[in-house]
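Take a look at the letters that make up each chain.
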Amino acid sequence: MKTEYFVRTLRNRCPRCNEGAVLRTLFHRHDKCSNCDLEFSREDGFFIGGIPISYGLICGLWIVPLLVAWLLEWVPTDWMIGLSFSGAIGLPLLTYRYSQCLWLGLYFTFAEHEMPENNNQE
Ligand SMILES: [Zn+2]
């Protein structure tokens with residue numbers, strides 16, 4: 001398990017060479033690395049794995065803190081409902097591509113044999 005692949009994608013860098021960007025913008029992903037030509041999509045539907053990561057990010061960084069603030073009565077109920085709905089609509093749009101980037105890093109962390117240079121050595 002090479003956690004450096006995941007750390008590289010946390011910084012929006014190619015998991016293989018740590019040079020090329022995975023995301024062009026917050027809403028667009030490159031198909032392959034501009035530096036080492038690593039194809040980011042491994043197969044059809046590969047990036048569906050980004051959906052649970054997006055869900056986890058939103059729950060951990062928005063829903064749970066919002067619920068805690070509401071339970072502690074720091075946020076009134078009508079604000080809680082409004083913030084929940086706006087987060088439910090807006091945050092998946094903002095986190096979807098970055099979640100795909102993180103999924104790419106997680107994939108290579110746990111399947112490092114799929115990395116081309118590791119494939120050639122075996
Ligand atoms: Zn690269």
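Above this text sits the structure in question.
Residues numbered from 1 in each chain as written. Predicted model: local features only at pLDDT ≥ 70, side-chain atom pairs only at ≥ 80, totals over all residues.

Asks: Quick question: what am I supposed to make of the nonpolar core here?
Replies: Counting residues in each nonpolar core, the largest one holds 14 residues, and the members touching the most others are Val22, Cys101, Trp103 and Leu104. Element by element, the count of residues in this core is highest for helix α3 (residues 77–110), at seven residues. (Core = buried A, V, L, I, M, F, W, Y, C linked by C-beta atoms within 7 Å. Buried ≥ 20, exposed ≤ 12 C-beta atoms within 10 Å, placed from the backbone. Helix = DSSP H or I, 4+ residues; strand = E, 2+ residues; numbered from the N terminus.)

Asks: Please explain the packing of helix α2 (residues 50–71) against α3 as it appears in this structure.
Replies: To characterise two packed helices, one gives the angle between the axes of the helices and the distance between these axes. In contact at an axis separation of 7 Å, α2 and α3 are set at 150° when each is read in the N-to-C sense. Viewed along their axes, α2 and α3 form a crossing whose handedness is right-handed. Within the contact between the two elements, α2 uses Gly50, Ile53, Ser54, Leu57, Ile58, Trp62, Leu66 and Trp70 and α3 uses Met80, Leu83, Ser84, Gly87, Leu91, Pro92, Thr95, Tyr96, Ser99, Gln100, Leu102 and Trp103. Grouping the constituent residues of the contact of α2 with α3 by class yields 13 nonpolar, seven polar and no charged. (Axes fitted to C-alpha atoms, helices over the stretch in contact; angles between N-to-C directions. Left-handed = near helix turned anticlockwise from the far one by under 90°. Contact = placed C-beta atoms within 7 Å. Nonpolar A, V, L, I, M, F, W, Y, C, P; charged D, E, K, R; others polar.)

Asks: What should I look at first to understand the environment of Ile53 in this one?
Replies: Its location among the elements puts Ile53 in helix α2. Spatially, the C-alpha atoms of Ile53 and Tyr96 are 8.6 Å apart, while their sequence positions differ by 43 residues. Among residues more than four places away in sequence, those in contact with Ile53 are Ser99, Leu102 and Trp103.

Asks: For this particular structure, what's the right way to read the environment of Pro116?
Replies: Looking at where Pro116 falls in the secondary structure, it is placed in helix α4 (residues 116–121). Overall, Pro116 belongs to the exposed group, with 11 C-beta atoms counted inside 10 Å. For the pair Pro116 and Arg16, spaced 100 residues apart in sequence, the C-alpha separation works out to 8.7 Å.

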